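What follows is each chain in one-letter form.
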Amino acid sequence: MKVGCVKEIKNREYRVGLIPDNVKSYVNAGHQVLIERGAGLGSGFTDQEYEKAGAVLKDTAKEVWDGVDMMVKVKEPLPEEYPYFRKDLLLYTYLHLAADRPLTDAMLASGMHGFAYETLIEKDGSIPLLAPMSQIAGRLSIQEGAKYLEKTFGGSGVLLSGVPGTPKANVVILGGGTVGTNACKIAVGMGANVTILDISLPRLAYLDDIFGARIQTLVSNDANIENSVKNADLVIGAVLIPGKAAPKIMKEAYLKEMRPGSVIVDVAVDQGGCCETTKVTYHDDPIYEVDGVVHYCVGNMPGAVPRTSTIALTNATLPYGLLLASHGLEEACRTNPVLISGVNTYDGKLTCKNVADSFGMEYTDLKSLL
């Protein structure tokens, strides 16, 4: 199979879908790999490294898109990439379709096969292709939140850890999954007072076992959320329903009860955000203010640390990518039925139920099409 990778064009996105080591793995498995020149520079990988690994370098993204059977990316395609869509193309990337109806419509109209990293669910219930970016985003959320609490950036001027004789910052984390757990780990490590909320009692018990008396766990409901964020210096939105739009559990009315200069970091922004006042921002203009509360809603947070995040992501995506390239989508899904959960569009059909439910669109079970 011909496998390709192009430079990401999303604003301030420096990650890349394939690193030179991945190229070598694909080539050794009998595939040809086409790479757009300069695709890996943002993550610190040179064209020479790709060539040495066996890649064929192309001058333009169009040459790569037009010349491959399978495109490996990081972020969802932008409108200027829609013309490259075609029926015989397999796209392997983050898609976040539930937050992007135009992209969903474009993919369905083209008949292309769309495989979304974020909806692949393993037999044990884990989300292996989302987990590494969730780990990074969770840890970054505290780092960025701490920065924007500084007065210089419009924050209240609170240090997360405080110092002897001063109050520590109050951090509230909405969601105890991978993002929330990693945010909790960093916030606890920095010495903040941490409250974490989740709808799952077993998950709260797990978090209590890990962090013990260093955190407060609460069941996630309207009353507990509202009461917790009133006194929060930093709120982390870490809610996820795989493939589905995030529920808006952080209400706009709550902002009026928060202290001026408090900060919200909505990591769920890729799926539409879990705060009613969330709108997508970018690394070059990451914040805005609503009712005196600073909002950080960057849609590609791990792109701020592209070297780390690219290596972490491709460590996870390579094994599944090799399966898809070596067997083709259909046979790979028959060989490993877990892959079916990653297929969001197939021959003009919407094959991810959560995406279909988010838009009220028709859902087709992929098994009926294979």
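Note that the structure is a prediction, hence the values are computed from the model and not measured.

Basis of the calculations
Residues numbered from 1 in each chain as written. Predicted model: local features only at pLDDT ≥ 70, side-chain atom pairs only at ≥ 80, totals over all residues. Heavy atoms only, no water. Helix = DSSP H or I, 4+ residues; strand = E, 2+ residues; numbered from the N terminus. Buried < 20%, exposed > 50% of the residue type's maximum accessible area, 1.4 Å probe, protein only. Contact = heavy atoms within 4.5 Å. Lys, Arg positive; Asp, Glu negative; His and termini not counted. Charge placed at Lys NZ, Arg CZ, Asp CG, Glu CD. Pairing = 2+ DSSP bridges. Axes fitted to C-alpha atoms, helices over the stretch in contact; angles between N-to-C directions. 1 Å grid on protein atoms, 1.4 Å probe; cavity = no way out; pocket = protein on both sides within 12 Å on 5 of 7 lines; lining within 4 Å. Points joined across faces, edges and corners; volume = space filled by probe spheres on them. Nonpolar A, V, L, I, M, F, W, Y, C, P; charged D, E, K, R; others polar. Expected span 1.5 Å × (residues − 1). Bend = angle between axes of the 7 residues up to and from the residue. Salt bridge = Lys/Arg side-chain N within 4 Å of Asp/Glu carboxyl O. Phe/Tyr/Trp six-rings, centres within 6.5 Å; stacked < 30°, edge-to-face > 60°. Parallel < 35°, antiparallel > 145°, perpendicular 65-115°, else oblique. Left-handed = near helix turned anticlockwise from the far one by under 90°. Core = buried A, V, L, I, M, F, W, Y, C linked by side-chain atoms within 4.5 Å. Polar contact = N/O pair within 3.5 Å; in protein donor to acceptor, adjacent residues only side chain to side chain.

A. Molecular detail of the overall build of the protein. Looking only at helices and strands, the protein has 11 helices and 15 strands in total. Each principal axis of the C-alpha atoms in the protein carries an extent, and together these give about 65 × 45 × 35 Å. Taken across its 370 residues, the protein has 55% of its residues classed as buried. In the protein, of all internal contacts separated by at least 6 residues, the share reaching a separation of at least 24 is 63%. Each charge class in the protein was averaged separately, 35 positive and 43 negative side chains, and the resulting centres sit 2 Å apart.

B. The sheet that holds strand 1 (residues 2–5), seen in detail. Reading across the sheet, the eight strands line up as 3-2-1-4-5-6-14-15 and stay open at both edges, with mixed pairing between neighbours. Pairing within the sheet leaves two strands with one partner each, and these edge strands are strand 3 (56–58) and strand 15 (349–350). Here strand 4 (residues 70–72) pairs with strand 5 (residues 90–93) via three bridges, running parallel. By the bridge assignment for strand 5, V72 is matched with Y92. Strands strand 1, strand 4, strand 5, strand 6 (113–116) and strand 14 (343–346) of the sheet are contacted by helix 10 (residues 306–335), whose axis makes an angle of about 150° with strand 5.

C. Here's a closer look at the layout of surface pockets. As a volume, the largest pocket reaches approximately 980 Å³. Mapped onto the lining of the largest pocket, the elements with two or more residues apiece are helix 5 (131–148), helix 6 (178–189), strand 8 (193–198) and helix 8 (222–230). Within the lining of the largest pocket, the residues separate by chemical class into 25 nonpolar, 14 polar and seven charged.

D. Spotlight on helix 10. Taking 1.5 Å of rise per residue, the 30 residues of helix 10 would be expected to cover 44 Å, yet its terminal C-alpha atoms sit only 33 Å apart, more than 12% below that figure. Along helix 10, the sharpest kink reaches roughly 110°, centred on G328.

E. Examining the pattern of salt bridges more closely. Using the criterion set out here, one finds 17 salt bridges in the structure. As a salt-bridge pair, R86 and D88 come within 2.6 Å of each other at their nearest N and O atoms. Residues K353 and D357 are paired through a salt bridge, measuring 3.0 Å at the closest nitrogen-oxygen approach. Linking K353 with D357, this pair stays in helix 11 (residues 353–359), spanning four residues, or about one helical turn. Since its relative accessible area comes to 38%, D357 is described here as partly exposed. Several salt bridges share partner residues, and in doing so they unite K10, K75, E76 and D270 into one network.

F. Structural view of the packing of aromatic side chains. Applying the stated criterion across every chain yields a total of eight aromatic pairs. Ring geometry for Y148 against F153: centres 5.1 Å apart, planes inclined by 65°, an arrangement best described as edge-to-face. Between Y148 and Y296, the ring centres sit 5.6 Å apart and the planes meet at 35°, which makes this aromatic pair tilted. Taken together, the positions of Y148 in helix 5 and Y296 in strand 13 (residues 293–296) put the pair 148 residues apart, joining distant regions of the chain. A relative accessible area of 3% means that Y296 is categorised as buried. Among the aromatic residues, those joined into a cluster by ring pairs are W65, Y82, Y84 and F85.

G. Here's a closer look at the packing of helix 6 against helix 7 (residues 201–211). Two elements in contact, helix 6 and helix 7, have axes whose closest approach is 12 Å; the angle formed by their N-to-C orientations is 30°. Of the possible angle classes, the one that applies to helix 6 and helix 7 is roughly parallel. As helix 6 runs across helix 7, the sense of the crossing is right-handed. On helix 7, the residues touching T181, C184, K185 and V188 of helix 6 are R203, L207 and F211. For the contact of helix 6 with helix 7, the class distribution of residues is four nonpolar, one polar and two charged.

H. Geometry of the nonpolar core. Core analysis: the biggest nonpolar cluster contains 76 residues, and I35, F115, V171 and I236 have the highest contact counts within it. The leading source of residues in this core is helix 10, at nine residues. Excluding residues that lie within four positions of it along the chain, V171 makes contacts with I142, L160, A187, A192, N193, V194, T195, L234 and I236. The next biggest cluster of nonpolar side chains, apart from the first, holds 25 residues, and it includes L103, M107, M112 and A356.

I. Fine view of the pairing of strand 13. The side-chain alternation of strand 13 yields two buried faces, one formed by V293 and H295 and the other by V294 and Y296. Of the strand pairs in this sheet, strand 12 (residues 287–290) and strand 13 are connected by four bridges, and their pairing is antiparallel. Paired with Y288 across the strands is H295, a residue of strand 13. Here strand 12 folds back onto strand 13, and the loop between the two strands holds two residues, one of which, D291, carries a positive phi near 50°.

J. Spotlight on the environment of T351. Within the secondary structure, T351 is located in the loop between strand 15 and helix 11. A residue is classified by how much of its surface remains accessible, and T351, at 7% relative accessible area, is buried. With 11 residues separating them along the chain, T351 and E362 place their C-alpha atoms 8.9 Å apart. In this structure, T351 is in contact with V343, N344, T345, Y346, Y363, T364, L366 and L369, ignoring residues within four places of it in sequence. In terms of polar contacts, T351 uses its side chain to reach the backbone carbonyl oxygen of V343, at 2.8 Å.

Shape is all these values report; function is a separate question.
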